Amino acid sequence: MLMTDPTLRDWYALAEKELRGRDAGELTTPTPEGIDIKSVYFADDLPDSALRERPGFAPFTRGVRATMYTNRPWTIRQYAGYSTAEESNAFYRKNLEAGQKGLSVAFDLATHRGYDSDHPRVVGDVGKAGVAIDTVEDMKILFDGIPLDRMSVSMTMNGAVIPVLAMFIVAGEEQGVDRAALSGTIQNDILKEFMVRNTYIYPPGPSMRIIGDIIAYTSTDMPKFNSISISGYHMQEAGATLAQELAYTLADGMEYVRAALAKGLDVDAFAGRLSFFFCIGMNVFMEAAKLRAARQLWAKIMTGFGAVADRSKMLRTHCQTSGVSLTEQDPFNNVVRTAYEAMGAVLGGTQSLHTNSFDEAIALPTEFSARIARNTQLILQHETGITDVVDPLGGSYYVEALTKGLADRAWAMIEEIEAMGGMTRAIEAGLPKMEIEKAAALRQTRVDKGEDVIVGVNEYRLEDEDPIDILDIDNAKVRANQIRRINRIKKTRHPDACRATLDALTATARTGDGNLLRDAVAAARARATLGEISDAMEAVFGRHAGTTRMITGVYSDAYRDDPAYQNVQSKIGEYADDKGRAPHVLIAKMGQDGHDRGAKVVATAFADLGFTVDLTDLFSTPRETANRAVALNVDAVGVSSLAAGHKTLVPELIELLKSMGRTDIRVFVGGVIPEQDYAFLRAVGVSGIFGPGTNVLDCAYAVLADIAGLRRNR
């Protein structure tokens, strides 16, 4: 037995002696993943499989290639998109000259949601958080001077995947590149959108049909192109534990495999073109173990689907360092965070990597910050020796045990989802979304209470923060330019030919015959716009409206005996006793930004404290938000902003409230907001601004104080 080993027994005695006098508890550290981390690991902790596995051989725990980075380093694939196609093209070309090896395109939110730039619902979103694409001409400008037969292109697109991929194919054709020569990846992972990121368009059923059509088309017409990148990235960003990210991502992958099989495809004909996308946070060894466990489990899953070829069982992945780990406070610390996260991804064996810029918790990255992010990878490749050996963590007592622990936890979750009928059924029941939101709220309580230390935020804070230069996008200018382009295309195209292709697309959507992507390519050639192609399918499929729900009890449980929490709760109770009702807050998500982690966390905390809390629907307009606020007779509206729409949408909301005679309704703003914008927001009437890292209790107290002061003066 383990404890009869005298050397080990002596170690435990010594460790207990050294820890005595401290609140040592057990010699383990609990994690959100449900895995207790021991203080030390020994050979007995190695799973038997660790001694047998080899890099390049199934189940690929130690890497998908026998030589891994010793033969060729991972691909540096920086994710970027800057308002217009011209600006993005210039940025791509400059990065390629500086050592970047592949492109990864970020689209603006209007494009993600299938709207043309002239649509009234996207006034504050055009050119924000990515490049606006309305027509094939935009796509051609985006890749001007970039040979698409020699450059691998990754595109993060899910909701509007059909028109975007169709326009990419046509742009290649008109560059003289046959679609069979195009290489790269389209994300095309709609299931995770219903869980976390919310840039969906159509309901789950039609969305799964779209994925099946894309897999079928690319398997015959685009053999070098990866038809889907199954993404856990946004799950971790939304608050998922690493075990949840791993399990839900692989469960999504299983659903996509079933969709392709339902099209009559042989598993080995398409499985080798599936790829994955994971987030890499600050727990370096846990993240490395996650990638190892992912490869191990996927090989097991695909064997179960009847895959024979090793390539079909091989999980290849792109990774991106975490955006949530970046802080607004003392932002140069983010350079260090990103470097550690990048190292975790590489130690785990990623095939390509994006490193975030240090200023992304504040605004879009500047050229200066993007250069540091790119050079972080170049330094890893050329200066650290990390590429000199295959799987440097292989055989580590700790990492091998951690890999098994994560694989076991994730597999139990996958079995739970399979028992429900698969991931589509689980999503319809709301299980993954609710579990991720609980995990996010628990994470925030640990940060607010100081249990999880964030340097520069809840410990070691600077007294004064120096402002940093940020990139500011002139949204109105970009939108006006895009509208001029759309109008020019509509005037010069052949209207009857264009209409015929859109009618054909609608017919295919209605009958189920044919292939949606093939019809969309014809429509793109005829210069149909992105919005028109999306609308042609929406006429049959409809537009999905998500259900907005709020969890309760997480904060009250975590803060059960906390004096600061009880003090705020008491003040809210005093207000309710005095006014005859609790303070009432509407938490709002306006524009096409679907990232709702912050909004949900704040809503959960405020409700547990005693506020009456309502949530707007996602993608609300300022008018819809103002109408809801007035109808509910709220005391305040809290606007959650992540994608830089606050300078357009918040002033419009305040003006609408004024026009409705409700200047008493206070407006607060939280999220990714540069300090340089604070003066502007205060000038238009914003009562309070809460950036990333704000303690939720402090936020609640400030909102209550403002509401109470206002009421006394009415």
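A brief structural summary. (Residues numbered from 1 in each chain as written. Predicted model: local features only at pLDDT ≥ 70, side-chain atom pairs only at ≥ 80, totals over all residues. Heavy atoms only, no water.)

Further remarks concern the pairing of strand β10 (residues 274–280). With 7 of 7 residues buried, β10 is to be regarded as a mostly interior element. Neither face of β10 is open: one carries L274, F276, F278 and I280, the other S275, F277 and C279, and all of them are buried. With 5 bridges joining them, β10 and strand β11 (residues 317–321) adopt parallel strand pairing. Note that in β11 the partner of F277 across the bridge is H318. (Buried < 20%, exposed > 50% of the residue type's maximum accessible area, 1.4 Å probe, protein only. Helix = DSSP H or I, 4+ residues; strand = E, 2+ residues; numbered from the N terminus. Pairing = 2+ DSSP bridges.)

It is worth spelling out the sheet that holds strand β17 (residues 688–690) at this point. Each strand in a sheet pairs with another by means of backbone hydrogen bonds, the pair being arranged parallel or else antiparallel. Read from one edge to the other, the open sheet built from 5 strands follows the order β14-β13-β15-β16-β17, with strand pairing classed as parallel. Of all strands in the sheet, those bounded by a partner on one side alone are β14 (612–615) and β17. Going across the sheet, the axis of each strand differs from the next one's by a mean of 20 degrees, ignoring polarity. Seen against the sheet, helix α24 (residues 597–609) touches β13 (584–588), β14 and β15 (636–641) and runs at an angle of roughly 160 degrees to β14. Contacting β15 and β16 (666–671), helix α26 (residues 646–659) runs over the sheet at an angle of about 165 degrees to β16. (Axes fitted to C-alpha atoms, helices over the stretch in contact; angles between N-to-C directions. Contact = heavy atoms within 4.5 Å.)

What follows deals with helix α5 (residues 161–174). Compared with the 20 Å implied by 1.5 Å per residue over 14 residues, the 20 Å span of α5 between its first and last C-alpha is a close match. The buried count for α5 comes to 12 of 14 residues, which makes it a mostly enclosed element. All buried positions along α5 are accounted for by V161, I162, P163, V164, L165, A166, M167, F168, I169, V170, A171 and G172. (Expected span 1.5 Å × (residues − 1).)

Let us look at the nonpolar core. Within the largest apolar cluster, 84 residues are counted, with the highest numbers of intra-cluster contacts made by L250, F270, W298 and M423. With sequence-adjacent residues up to four places away left out, W298 is seen in contact with L250, G253, M254, V257, L274, F276, S312, K313, M314 and L315. Counting residues in each nonpolar core, the second largest holds 58 residues, with V105, L142, V161 and I201 among its members. (Core = buried A, V, L, I, M, F, W, Y, C linked by side-chain atoms within 4.5 Å.)

All right, on to the pattern of salt bridges then. Applying the stated criterion to the full structure yields 43 salt bridges. Between K140 and E137 there is a salt bridge, with its nearest N and O atoms 3.8 Å apart. In this pair, K140 and E137 both sit in helix α4 (residues 136–142), 3 residues apart, roughly one turn of the helix. Looking at K140, the relative accessible area reads 29%, which means it is partly exposed. Salt-bridge contacts for R499 lead to D503; the nearest nitrogen and oxygen are separated by 3.2 Å. Remark: D503 and R499 occur in helix α19 (residues 495–511); sequence separation between them is 4 residues, near one turn of the helix. Here R499 falls in the partly exposed class, since its relative accessible area comes to 44%. (Salt bridge = Lys/Arg side-chain N within 4 Å of Asp/Glu carboxyl O.)

Spatially, β3-β12-β11-β10-β9 is the arrangement adopted by the 5 strands of the open sheet, whose pairing is parallel. Strands at the two margins of the open sheet, each flanked by one partner only, are β3 (75–76) and β9 (228–231). In this sheet, strand β12 (residues 352–354) lies alongside β11 in parallel orientation, the contact comprising 3 bridges. Paired with H318 across the bridge in β12 is S352. In this fold helix α9 (residues 242–262) packs onto β9 and β10, with an angle of close to 165 degrees to the strand it touches most, β10.

Among the secondary structure elements, R337 is positioned in helix α13 (residues 333–348). At 6.8 Å, E341 is the nearest oppositely charged side chain to R337, a buried residue that forms no salt bridge. Once residues lying within four places of it in the same chain are set aside, the contact partners of R337 are M282, S325, T327, I454 and V455. (Lys, Arg positive; Asp, Glu negative; His and termini not counted.)

Before going further, it helps to examine the side chain of T387. Assignment of secondary structure puts T387 in the loop between α14 (367–383) and α15 (397–419). A residue is classified by how much of its surface remains accessible, and T387, at 12% relative accessible area, is buried. When near neighbours in sequence (up to four residues on either side) are disregarded, T387 contacts Y69, T70, W74 and Q381.

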